[in-house]
Amino acid sequence: MRLLRVALVDDEPPALRRLMMALDKEPGVEVVGQAGDGAAALALIRRGGIDVMLLDIRMPGLSGLDLARAIDPREAPAFIFVTAFSRFAADAFELAAVDYLLKPVEFGRLHEALERARQALSSRNARSRIAELEEVVAALRAAEVEPVDSGYAEEIWVPDRGDRLRLPVALIDWVEAERDYVRIHSRGRSFLVRKAIRTLQAELDPAQFLRIHRGALVRRDRIVRLARRPGGPCAVVLQSGAEVPVARRQAAQVRRIIGARAGS
């Protein structure tokens, strides 16, 4: 197995700790450097000896895009981008980068990304490496569009194994109330946050999230269908397979949402 010399770049210490914890379990991987910003990452690359760089896209100062522009393609490691972009933007990275990971990073996906990097490094020559980086830069330029400030939250900090992670709102599937807390469900995981559901609802864009019950918020584009339950309330079925009960007074609105999507 080829030894991968990996460097980590992220301005959030909890994110770096999570990556280190995951990489400790990976055979054939050696962490040779860490950086908290793009300028320090550039210095790491120029020092040499890096095969793969796990690179956050948005950082203060020199961003991931700025770093890709600044580096000589002949010196460039294989980039695995770590991003809080929603899925439609991340697709652009998949076309050009070795791989991309959505925050919070899942250990299984990190393993897959490292295997792709190992295969790419063993098969490409210097000329294809330069062409690949040029494609990466082009994809980043296309996707690095400043978001319009809607006034609603774009991310939520959640506790996770003693750390705090930045969870993009775009990755939330649904939210349920638990007394003075909310449990936020995202991609098969859940995070307990001390906040009333009505407070969180006020922070989220109503065009994206719907209160279907006094104790439940769901992301509209995660709804697959409305399921009838004999002798009880109906429920929405989400893309994740979760079923969330719908209050009777909200059922008509959910039907309209599903009908409008089917018509489009």
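Thresholds, definitions, all that
- Residues numbered from 1 in each chain as written.
- Predicted model: local features only at pLDDT ≥ 70, side-chain atom pairs only at ≥ 80, totals over all residues.
- Heavy atoms only, no water.
- Helix = DSSP H or I, 4+ residues; strand = E, 2+ residues; numbered from the N terminus.
- Polar contact = N/O pair within 3.5 Å; in protein donor to acceptor, adjacent residues only side chain to side chain.
- Contact = heavy atoms within 4.5 Å.
- Buried < 20%, exposed > 50% of the residue type's maximum accessible area, 1.4 Å probe, protein only.
- Arc of directions from axis to C-beta.
- Core = buried A, V, L, I, M, F, W, Y, C linked by side-chain atoms within 4.5 Å.
- pLDDT = per-residue confidence, 0-100.
- Pairing = 2+ DSSP bridges.
- Axes fitted to C-alpha atoms, helices over the stretch in contact; angles between N-to-C directions.
- Salt bridge = Lys/Arg side-chain N within 4 Å of Asp/Glu carboxyl O.

### Concerning the side chain of arginine 18
The topology assignment puts arginine 18 in helix 1 (residues 13-23). From its side chain, arginine 18 meets the backbone oxygen of valine 105 in a polar contact 2.8 Å long. Sequence-distant contacts of arginine 18, that is, excluding residues within four places in its chain, are made with Pro104, Val105, Phe107, Asp160, Arg161, Leu165 and Arg189.

### Thoughts on helix 2 (residues 38-47)
Inspection of helix 2 places Gly38, Ala41, Leu42, Leu44 and Ile45 among the buried residues, and these make up the whole buried set. Seen end-on, helix 2 carries its buried residues on one side only, within an arc spanning 160°. Of the residues in helix 2, the exposed ones pointing more than 90 degrees away from the buried face are Arg46 and Arg47. Where helix 2 begins, the capping side chain belongs to aspartate 37, and its oxygen is found 3.1 Å from the backbone nitrogen of alanine 39. Backbone geometry just after helix 2 places glycine 48 at a positive phi near 90°.

### Topic: the environment of valine 218
The residue valine 218 is located in strand 12 (residues 216-219) in this model. Sequence separation of valine 218 and isoleucine 184 is 34 residues, and the distance between their C-alpha atoms is 10.0 Å. Ignoring sequence-local partners within four residues, the contact set of valine 218 consists of Asp173, Trp174, Gln208, Phe209, Leu210, Ile212, Ile223, Val236, Leu238 and Val244.

### A closer look at the nonpolar core
Counting 36 residues, the largest nonpolar core has Met53, Leu55, Ile156, Val158, Ile172 and Ile184 as the members making the most contacts within it. Per element, the largest residue contribution to this core is 4 residues, and it comes from helix 2. Filtering out sequence-adjacent residues up to four positions away, valine 158 remains in contact with Asp163, Arg164, Leu165, Leu167, Ile184, Phe191 and Val193. Listed in part, the 22 residues of the second largest apolar core include Leu19, Leu54, Val98 and Leu121.

### Structural notes on unusual backbone geometry
Unusually for a residue other than glycine, arginine 179 sits at a positive phi of about 55°. In this fold, arginine 179 is placed in the loop between strand 8 (174-178) and strand 9 (181-186). Taking the relative accessible area as the measure of exposure, arginine 179 reaches 83% and is therefore exposed. The residue arginine 187 is not glycine, and still its phi comes out positive at about 50°. Mapped onto the fold, arginine 187 is located in the loop between strand 9 and strand 10 (189-193).

### Focus: the confidence of the model for the chain
Summary statistics for the chain give a mean pLDDT of 82 and a share of 81% for residues scoring 70 or more. At the low end of the mean pLDDT range in the chain sits helix 4 (residues 87-94), at 47; at the high end sits strand 8, at 97.

### Description of the pairing of strand 8
Summarising the sheet, strand 8 and strand 9 pair through 5 bridges and their orientation is antiparallel. The partner of glutamate 176 across the bridge, within strand 9, is arginine 183. Between the antiparallel neighbours strand 8 and strand 9 lie 2 residues, among them arginine 179 with a positive phi of about 55°.

### Some thoughts on the sheet that holds strand 15 (residues 243-245)
With antiparallel pairing, 3 strands are arranged side by side in an open sheet as 13-14-15. Lying at the two open borders of the sheet, with one neighbouring strand each, are strand 13 (223-227) and strand 15. Sheet twist, expressed as the mean angle between neighbouring strand axes with direction ignored, is 30°. Strand direction decides the pairing type here: strand 14 (residues 235-238) and strand 15, joined by 3 bridges, are antiparallel. Each bridged residue has a counterpart across the sheet, and for alanine 235 the counterpart in strand 15 is proline 245.

### Considerations on the side chain of glutamate 12
On the secondary structure map, glutamate 12 appears in the loop between strand 1 (4-9) and helix 1. Ignoring sequence-local partners within four residues, the contact set of glutamate 12 consists of Lys103, Trp157 and Arg166.

### Quick notes on the pattern of salt bridges
For the structure shown, the criterion picks out 8 salt bridges. In this structure, the salt-bridge partner of arginine 5 is aspartate 51, at a minimum N-O distance of 3.0 Å. Of the two residues, arginine 5 is situated in strand 1 and aspartate 51 in the loop between helix 2 and strand 3 (52-56); the sequence distance between them amounts to 46 residues. Look at aspartate 51 and you get buried, because its relative accessible area is 6%. For the salt bridge of glutamate 115 with arginine 118, the shortest nitrogen-to-oxygen distance reads 2.7 Å. Of the two residues, glutamate 115 and arginine 118 are both situated in helix 5 (residues 107-123); the distance of 3 residues between them amounts to about one turn of the helix.

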